[in-house]
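Listed here are the chains, written in short residue letters.
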Amino acid sequence: MILYLHFGDPQPDPVYRQFIDMIGEFTPVCQALPPDAALADVSGSVRYFDRDAASLAALIRMRVAARFDVDTTIGIGPNPLLARLTAHRGAPGAIRTIPDDPEAVAAFLTGLPAAALPGIGPATVRTLASYGLATADQIAATPLLTLQRILGTAAGRQLHQRAAGNDPTRVAPGAPPRTFSAEHRFVRDELDPDQQRSALTHLAERLGTRLRGERQACRSLTLTVQYADRSTTARARALAEATAHSPQLRAAAHALHTTLGLQRARVRCLTLQAEKLCEAGSVSRQLSFGPDDDKARRIEAAADRARARFGPGTVRPASTAGM
């Protein structure tokens, strides 16, 4: 059986690594899903500890609460997809199980909103709804070729499999890659795309400052959006070149935001994560024939010095004032 563990809000990298180390005390087959989740295959552990998966989950949850004061939500299922869906279907801070039984899986997926399926953003949900496909069971009952005509070949096939509860992936053990993340939680659920983009500008600036301060650059960005119902959507984008330059990070973050189509979504929290880090000194920078880029980088360096001396909020983009 597979456990999907969600630690609540995104965690700082050192704390998150301690979570992963703790899970490793119960099973070596643990896959990090930073900044706030992990997968664990406990098929072998149930025999070693002479406990079923639910008992192991309860023990892990108790230890995390005792050591970190974090209320962990755990889903138990026959594959990573079902474990994740089970964890998120219901109130946070609980252990929920779906048995490895076709009838139980079908009953669980009946009525499950399409938005709950991983990787399905608001734009795709609206497209499916226009064809009368609002739940997982309706999508699973739709012919594959029909879905592929609506969404495309690869996306249609993937959605058809997920809606039926099928997931061929395995838990891939390994230490979590080093990442930097920044989070903005709105005071109230935010509907205004301009306010969301302003928050992303602030997050990109924070990430850029930290990357430059530690002489790192990133090759990829991931944007995670949490909605009013606590469901989430994540989108990742590989950068054209490794960078720690805030304008490039900002442009990539805004592009990710645009692809999600959040015009009418009630957004509760945005998390921007810099991934695939590398030493800044090893990065080759594409030459520019205009003075604007060099000028922006000199201003950025001066702003970094001011922040280092007077505090992180000393210099920031005007559009982020008040955040």
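Residues numbered from 1 in each chain as written. Predicted model: local features only at pLDDT ≥ 70, side-chain atom pairs only at ≥ 80, totals over all residues. Heavy atoms only, no water.

Draft legend 1. Focus on the pattern of salt bridges. Tallied over the full model, the rule gives six salt bridges. Two residues, D189 and R266, come together in a salt bridge whose shortest N-O distance is 3.0 Å. Of this pair, D189 sits in strand β6 (residues 180-190) while R266 sits in the loop between α11 (246-260) and β9 (267-279), placing them 77 residues apart in sequence. Classification of R266 as partly exposed rests on a relative accessible area of 47%. What emerges from the salt-bridge pattern is a single network uniting D189, R266 and R268. (Salt bridge = Lys/Arg side-chain N within 4 Å of Asp/Glu carboxyl O. Helix = DSSP H or I, 4+ residues; strand = E, 2+ residues; numbered from the N terminus. Buried < 20%, exposed > 50% of the residue type's maximum accessible area, 1.4 Å probe, protein only.)

Draft legend 2. Up close: the pairing of strand β1 (residues 2-6). The buried fraction of β1 amounts to five of the five residues, a majority that puts the element mostly inside the structure. By the alternation rule, side chains of β1 split into I2, Y4 and H6 and L3 and L5, which are all buried. For β1 and strand β4 (residues 73-77), the ladder comprises five bridges, and the chain directions are antiparallel. If you follow L5 over to β4, its bridge partner there is I74. (Pairing = 2+ DSSP bridges.)

Draft legend 3. View of the sheet that holds β4. Taking strand neighbours across the sheet as the criterion, the five strands line up as β2-β3-β1-β4-β5 in an open arrangement whose pairing is mixed. Edge positions in the open sheet fall to β2 (30-33) and β5 (95-97), since each of these has one partner strand only. Direction aside, the axes of adjacent strands within the sheet are offset by 15° on average. Here helix α3 (residues 53-68) sits on the sheet and contacts β1, β4 and β5; the angle it forms with β4, its principal contact strand, is near 165°. (Axes fitted to C-alpha atoms, helices over the stretch in contact; angles between N-to-C directions. Contact = heavy atoms within 4.5 Å.)

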